[in-house]
Amino acid sequence: MREITYCDALNEALRECMTEDENVVLLGEDIGSYGGIFQVTKGLQDEFGAERIVDVPIAEAGFVGAAVGAALTGMRPVVEIMFIDFTTVCMDMIINQAAKMRYMFGGKGSVPMVLRTNIGAGRGTAAQHSQSFHSIFAHIPGLVVVAPSGPYEAKGLLAEAIKNDNPVIFVEHKRLYMTKGEVPEESYRIPFGKAEIKRAGEDITIVATHALVGASLEAAEIAAKDGISVEVIDPRTLAPLDKDTILTSVKKTGRLIVADEGHKTCGFASEITAIAAEEAIEYLKAPVIRNASPDVPVPFSPPLEKAFMFGKDEILESIKKVIAYA
Amino acid sequence: MREITYCDALNEALRECMTEDENVVLLGEDIGSYGGIFQVTKGLQDEFGAERIVDVPIAEAGFVGAAVGAALTGMRPVVEIMFIDFTTVCMDMIINQAAKMRYMFGGKGSVPMVLRTNIGAGRGTAAQHSQSFHSIFAHIPGLVVVAPSGPYEAKGLLAEAIKNDNPVIFVEHKRLYMTKGEVPEESYRIPFGKAEIKRAGEDITIVATHALVGASLEAAEIAAKDGISVEVIDPRTLAPLDKDTILTSVKKTGRLIVADEGHKTCGFASEITAIAAEEAIEYLKAPVIRNASPDVPVPFSPPLEKAFMFGKDEILESIKKVIAYA
Amino acid sequence: MRLTKEKLSSFYQTMQTIRLFEERIVDLYARGQVPGLAHLYIGEEAVATGVCGALNKADYITSTHRGHGHVIAKGAALNPMMAELFGKVTGYCKGKGGSMHIADMDEGILGANGIAGGGLPIAIGAGWSAKWRKTTQVTACFFGDDASSNGTFHESLNLASLHKLPVLFICENNGYGISVSQAKCTPIKDIASRAVAYDMPGVVVDGNNVVEVYKAAEKAVKRARAGEGPTVIECKTYRWRGHHEGDPNQGGRYRTKEEIQEWKEKCPILQFEKALLKEKKATKTQLDEITRATEEAIDEAVLFAKESDYPSIEEMYKDVLV
Amino acid sequence: MRLTKEKLSSFYQTMQTIRLFEERIVDLYARGQVPGLAHLYIGEEAVATGVCGALNKADYITSTHRGHGHVIAKGAALNPMMAELFGKVTGYCKGKGGSMHIADMDEGILGANGIAGGGLPIAIGAGWSAKWRKTTQVTACFFGDDASSNGTFHESLNLASLHKLPVLFICENNGYGISVSQAKCTPIKDIASRAVAYDMPGVVVDGNNVVEVYKAAEKAVKRARAGEGPTVIECKTYRWRGHHEGDPNQGGRYRTKEEIQEWKEKCPILQFEKALLKEKKATKTQLDEITRATEEAIDEAVLFAKESDYPSIEEMYKDVLV
Ligand SMILES: Cc1ncc(C[n+]2csc(CCOP(=O)(O)OP(=O)(O)O)c2C)c(N)n1
Ligand SMILES: Cc1ncc(C[n+]2csc(CCOP(=O)(O)OP(=O)(O)O)c2C)c(N)n1
Ligand SMILES: [Mg+2]
Ligand SMILES: [Mg+2]
């Protein structure tokens, strides 16, 4: 199958959905002729015009709120927030408006909007342009939180997000934009709330998100050489969460490692760990290990940022630890 | 000792700190002659004047940001956000500015400000005035997150918060404002990062926050009649967190229940559970139970809101479950 | 008053309905039958009535925490409204939203809102939506004087003017936030004077004069439907009660008796009634009949609400996601 | 130019320092020696220079993502600045902040800021602080034309005017956000025209004329110190480079060669140099000497940065809390 980048896969999903449904519109900063800071909307304004692909000023509360109002009245807006760090200036429109309207209105009305943004350190952009606090959105009921781990997921999950009738926080990953992978030409949707077992295994379960899915698979490959059989699960959506697939695996392997780029405290890794401790403790043969970002802001200096980040090696270490555990 | 309400204890701490240090100023909506929506600042404007107790318009990003700038330049501002729900409109000033400045500046400058707000359902104010998403702040490095469980804690922790050189998110609890308890007349400070063992026990550890500390103590009292010995721990600050006290207790009892009013997913209860699963799993004799709010917005209708909430009874059930567990 | 008798008496009926509905809430709230928070609209009836009088069913409104008047004026039915305030399953939101979240998609009511200033971005989104869908729908966005100090005001007016969105920004200036007077919230006298900063027309009207409000709204609606963009209409008015029921002696803590009395003498309904009779647009009997019928409808709504059931506990878990 | 020769040559030196510093970053960035994002100030030197020229050491500034010029003009030293851009432990932030977060409390630099519009509330806080502490300190708040569309602009100007805070709101209008022109961001021509909405003076000046900027700032500073409140000063200028180094052909994607060329001909430094020579306020040799010395200082800063160490890994865990 042809291989394209995560970025192009997203672009393709947007193009397909906009072609199919004229109620799909895009709002964001520099998403027009500029193509978006990460080039995800490249070429779309030429194709669909400036009325449907709208460059907006730095008024996130204004245009994210506008997306809420538009979604409530028949449109399917997709907004781009350049970095997840900037969702802090429009948090009310996400947490108190989009997430709660349908519930507060007793099931009347729906908010079929998508908020595209991204997480991830590693680009030397320091504490306000490198965060990964996607877990905040998983803490708020009423939001779908998507975490595409590769090009295939990127296209299928974004198509689902746009066609889905819920407000969706679509969390992309900076380091993945240029990653290539097989992506079908035809359009397809990946259902929400369904995890994917990326690699089957018997000894350890790794629940990983975003770029850490790839890192976990690499670690699993290496571990296999030492005869350790690792199962790697990609939840694909953090909310709704496919608990069953995770618990079934943990009950089988008896060992759990979670790898998520968010800060450790109160993050997604904590949630997966808590679920296992609550619902599968009798199966656990070793301590659960959370591979998460340290509880410090993202530092600028290259060696510090490198130390802040983690991947294959740290996961491999965790694998060895849980296996070594008597 | 004389007994006063949680609300008056907070008021007393404010008065003492303002008398001691003229750089302590208050900013908030209706905190002046009106005394604050929950009467915490009652009488202070008469005593300290409208220059130091400033009523502000509905411009949370503006006045919380102003507190950050004032703190950075020698003041010790205390801002009141009427309900934690409204921190969504000033999230950037909290998450990207106050929390990160000292780190981003390499240790230069400090932001000695306090953001007072409150959580808690039970007043029939529905989804936008009843939230308890304090865990969001615990997920962000650089913030102190305080959770006073009673009048004594309220006064001592608020005094510490104002004198402390870090940005502090001081999370009060609506249902506790009118609760009375013994509070010393003299001023005192309760150190951050130090949990309190509210009741010693051997069989079960309960880590509880806010109003659930009281509920847990009641439940423990009842359980004692059945010969179940429950240890109740109040972390007092969610960040920094006193892991040692909690782990020591869990290793002793082998059973853990967490009671926090936040939503279950990615909440503080998840964090405590994860810590136990990561660092004390070999001691756990039973599944950990999270007593947390369901992952739904707070409903308005009285019977639904009542069903949304939990307390002594639910905790008691959890106690029976973990004890019954073979 | 060049308006038809029908139109004028509909104004009277709407204002009277709001007034009597709210007065009934005062009573029910005092007797503990309405839970939670109730922010009443008494004294401001002419604003919602005049504005919504210029709108069609297909048009939209965004409302505030003080929303009863807006939604009644836009066409909300009394029974489900009252039931919602009681938290009953027959309410507009199945009892799950309450006073601050009443919505009715069929009537273009995009929801009351517990977040001050929260409705403005949503309103421009509804306006943008109409533009995208190429309909002639306009959106009226209600917000208070204090809410106008919030950043959403700036971002929304800027975007609305930039894209010529069909939106009416209705500032209900009742002089106070909760307890804080406008003078302590902003250095300017007229919020509408800020319209120039967005290159849009801004007008100040007597918010207690329903016809004046209606005329300003009608003009703004024409402009909006013509694709010429948004307008700010500031309506000077006053709330008779406290900020919310339960506000110590009905806001007497921060407002003088004299001030309150002065405004009561400018009652929007009494003034309008006098004008109607003077100009022979209606007879006392006609108006009294409207009042009687309204009382009846409200009695019925209360009965309906009381006899309705609370939602079942399972309802708590529904409607979180579609 | 009624200013002293000393003052004028200090302007020249500051502008030249900013220019040469930024040009060096262009080179270092291209060679991959400066990590992360660099938003350069080339072409806008007169703004920071004129404004900070009217401030004292004790006064404050809040800066933006495009902050190098602001902090140099306010008195930041080149060695720790350059070291910070390299991520070295000798940098202003021990290498932990980088280009977008340079701060120096001793010089009243309250930090560059990666959040557009994020500096405005912080600036009014510093102003409020001076008022509370009864000092004569003023705060100059720099922000861009695009950032002025953010809600923080509205909330901050309203609060500053209401409380007569000693703040200068300096809008650096370079005509663009990242790629989007001002015309696509707001319906108005002059951001300063919004000052009336806050009952404060607003002036538009040629942002490429350092003396004009200085005079406007001086006047606003007087007003601020006198307790008469804030002023908006909009400086029309232009950035020569792309939004950030690495922006495809230096912003050529959304700006015409002609437009860029036009502005280069209005170079703030060249214009000023001509004026100085014409009015005999300085000789060519004097100016060349300044340039030479500046080059030397920057060479030294680069050397200092290169020879400095990176912070130790333990540094990652420090400074999170006091
Ligand atoms: C963002 C936000 N901050 C604060 C509040 C608390 N609050 C509710 S109503 C109100 C005053 C609103 O005044 P105004 O906008 O003039 O409307 P009015 O009540 O006078 O109709 C305040 C401060 C809120 N609901 N939302
Ligand atoms: C809240 C927020 N939204 C978006 C961005 C991304 N961003 C960085 S700079 C910029 C453009 C800023 O334009 P302007 O304010 O005119 O300043 P200039 O770059 O022209 O100096 C944008 C959109 C940001 N940093 N912060
Ligand atoms: Mg008001
Ligand atoms: Mg600009």
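Structural data are supplied above this passage.
Residues numbered from 1 in each chain as written. Chains lettered and ligands numbered in written order. Predicted model: local features only at pLDDT ≥ 70, side-chain atom pairs only at ≥ 80, totals over all residues. Heavy atoms only, no water.

Engineer: Looking at this model, I keep getting lost on the overall build of chain A. Mind explaining?
Structural biologist: From N to C terminus, chain A includes twelve helices and 14 strands. In terms of overall size, chain A behaves like a compact globule, its C-alpha atoms giving a radius of gyration of 20 Å where 326 residues would be expected to give roughly 20 Å. Evaluated residue by residue, chain A yields a buried proportion of 73% over its 326 residues. A sequence separation of at least 24 residues applies to 83% of the contacts in chain A between residues at least 6 apart. Summed over its atoms, the accessible surface of chain A is roughly 8,600 Å², and 49% of this surface lies on carbon and sulfur atoms. One way to put it: in chain A the 32 positive side-chain charges average out to a point 4 Å from where the 45 negative ones average out. (Helix = DSSP H or I, 4+ residues; strand = E, 2+ residues; numbered from the N terminus. Rg over C-alpha atoms; globule rule 2.2 N^0.38 Å. Buried < 20%, exposed > 50% of the residue type's maximum accessible area, 1.4 Å probe, protein only. Contact = heavy atoms within 4.5 Å. Areas by Shrake-Rupley, 256 points an atom, 1.4 Å probe, with all protein chains shown as cover. Lys, Arg positive; Asp, Glu negative; His and termini not counted. Charge placed at Lys NZ, Arg CZ, Asp CG, Glu CD.)

Engineer: Sorry if this is basic, but what is going on with the sheet that holds strand S2 (residues 139–144) of chain D here?
Structural biologist: Adjacent strands of a sheet pair through backbone hydrogen bonds, lying either parallel or antiparallel. All names here are of chain D. The five strands lie next to each other as S1-S2-S3-S5-S4, forming an open sheet whose pairing is parallel. The open sheet terminates on both sides in strands that have one partner only, identified here as strand S1 (60–62) and strand S4 (202–206). Averaged over all adjacent pairs, the angle separating strand axes in this sheet is 20°, with direction ignored. (Pairing = 2+ DSSP bridges. Axes fitted to C-alpha atoms, helices over the stretch in contact; angles between N-to-C directions.)

Engineer: I tried to follow the interface of chain B and chain A on my own but got confused; where do I start?
Structural biologist: When the parts come together, some accessible area is lost, and that loss is often what is quoted as the size of the interface. On the chain A side, the residues contacting the 50 residues of chain B number 50 residues. Between chain B and chain A, the buried area comes to about 4,400 Å², and carbon and sulfur atoms account for 63% of it. When the buried surface of chain B facing chain A is broken down by residue, His139, Cys266 and Glu278 of chain B rank first, second and third, together holding 17% of it. On inspection of chain B and its partner chain A, the count reaches six salt bridges. Between Arg290 of chain A and Glu271 of chain B there is a salt bridge whose closest N-O contact spans 2.9 Å. When residues of the side of chain B that touches chain A are assigned to their parent elements, the largest contribution, eight residues, is made by helix H10 (residues 268–279) of chain B. Partitioning the side of chain B that touches chain A into residue classes produces 27 nonpolar, 14 polar and nine charged. (Buried area = accessible area lost by both parts, 1.4 Å probe. Salt bridge = Lys/Arg side-chain N within 4 Å of Asp/Glu carboxyl O. Nonpolar A, V, L, I, M, F, W, Y, C, P; charged D, E, K, R; others polar.)

Engineer: Got a minute to help me understand the relation of the copies chain B and chain A in this structure?
Structural biologist: What connects the two chain copies is a rotation about an axis and a shift along it. Laying chain B over chain A is done by rotating through 180° and shifting 0.0 Å along the axis; what remains is an RMSD of 0.0 Å. Taken together, the rotation and translation relating the two chain copies correspond to the operation of a two-fold axis. A shared binding surface is used by both copies, with 100% of the interface residues of chain B retained as interface residues in chain A. (Least-squares fit on C-alpha atoms with pLDDT ≥ 70 in both.)

Engineer: Mind showing me how you'd approach helix H1 (residues 6–20) of chain B here?
Structural biologist: Residues and elements named next belong to chain B. Helix length check: H1 (15 residues) gives 21 Å between terminal C-alpha atoms against 21 Å at 1.5 Å per residue, within 8%. Of all 15 residues in H1, eleven are buried, a share of seventy percent or more. Restricting attention to buried positions, one finds in H1 the residues Tyr6, Cys7, Ala9, Leu10, Asn11, Glu12, Ala13, Leu14, Glu16, Cys17 and Met18. (Expected span 1.5 Å × (residues − 1).)

Engineer: Help me out: how do you make sense of the interface of chain A and chain C in this one?
Structural biologist: Contacts between the two partners involve 43 residues from chain A and, on the opposite side, 36 residues from chain C. On inspection of chain A and its partner chain C, the count reaches zero salt bridges. Our count for the chain A to chain C interface comes out at twelve residue pairs in polar contact (both at pLDDT 80 or more). Residue assignment for the side of chain A that touches chain C shows that the elements contributing at least two residues are strand S2 (24–28), helix H3 (60–72), helix H4 (91–98) and helix H5 (101–104) of chain A. (Polar contact = N/O pair within 3.5 Å; in protein donor to acceptor, adjacent residues only side chain to side chain.)

Engineer: Quick question: what am I supposed to make of the site of ligand 2 here?
Structural biologist: As a matter of local geometry, ligand 2 sits amid 19 residues, with Glu60 of chain A together with His65, Gly114, Asp145 and Asn174 of chain D nearest to it. More than one chain reaches ligand 2: its neighbouring residues belong to chains A and D. Asp145 of chain D is positioned such that a nitrogen or oxygen atom in its side chain is 2.8 Å from an oxygen atom of ligand 2. The contact in question runs from an oxygen atom of ligand 2 to an N or O atom on the backbone of Asp146 of chain D, over 3.0 Å. Protein contacts shield 98% of the accessible area of ligand 2, which totals 580 Å² for the unbound molecule. (Near = heavy atom within 4 Å.)

Engineer: Sorry if this is basic, but what is going on with the state of the cysteines here?
Structural biologist: The full count for this structure, using the stated rule, is zero disulfides over all chains. Cys90 of chain A carries a free sulfur, and the closest cysteine sulfur to it, the one in Cys90 of chain B, is 14 Å from it. By relative accessible area, which is 2% here, Cys90 of chain A ends up buried. (Disulfide = S-S within 2.5 Å.)

Engineer: Any chance you could explain the coordination of the magnesium ion (ligand 4) here in plain terms?
Structural biologist: Working reference: metal with six octahedral donors, ideal angles 90 or 180 degrees; metal with four tetrahedral donors, ideal angle 109.5 degrees. All names here are of chain D. Taken together, Asp145 (OD), Asn174 (OD1) and Tyr176 (O) make up the protein donors of the magnesium ion (ligand 4), found 2.1 Å from the metal. In primary-sequence terms, the residues that donate to the magnesium ion (ligand 4) follow D-x28-N-x1-Y. Placement of Asp145 in the loop between S2 and helix H6 (151–162) and of Asn174 in the loop between strand S3 (167–173) and S4 is noted, with a sequence separation of 29 residues between them. In this pair, the class of Asp145 matches that of Asn174, namely buried. (Donors = N, O, S within 2.8 Å, 3.2 Å for Na, K, Ca; no water.)

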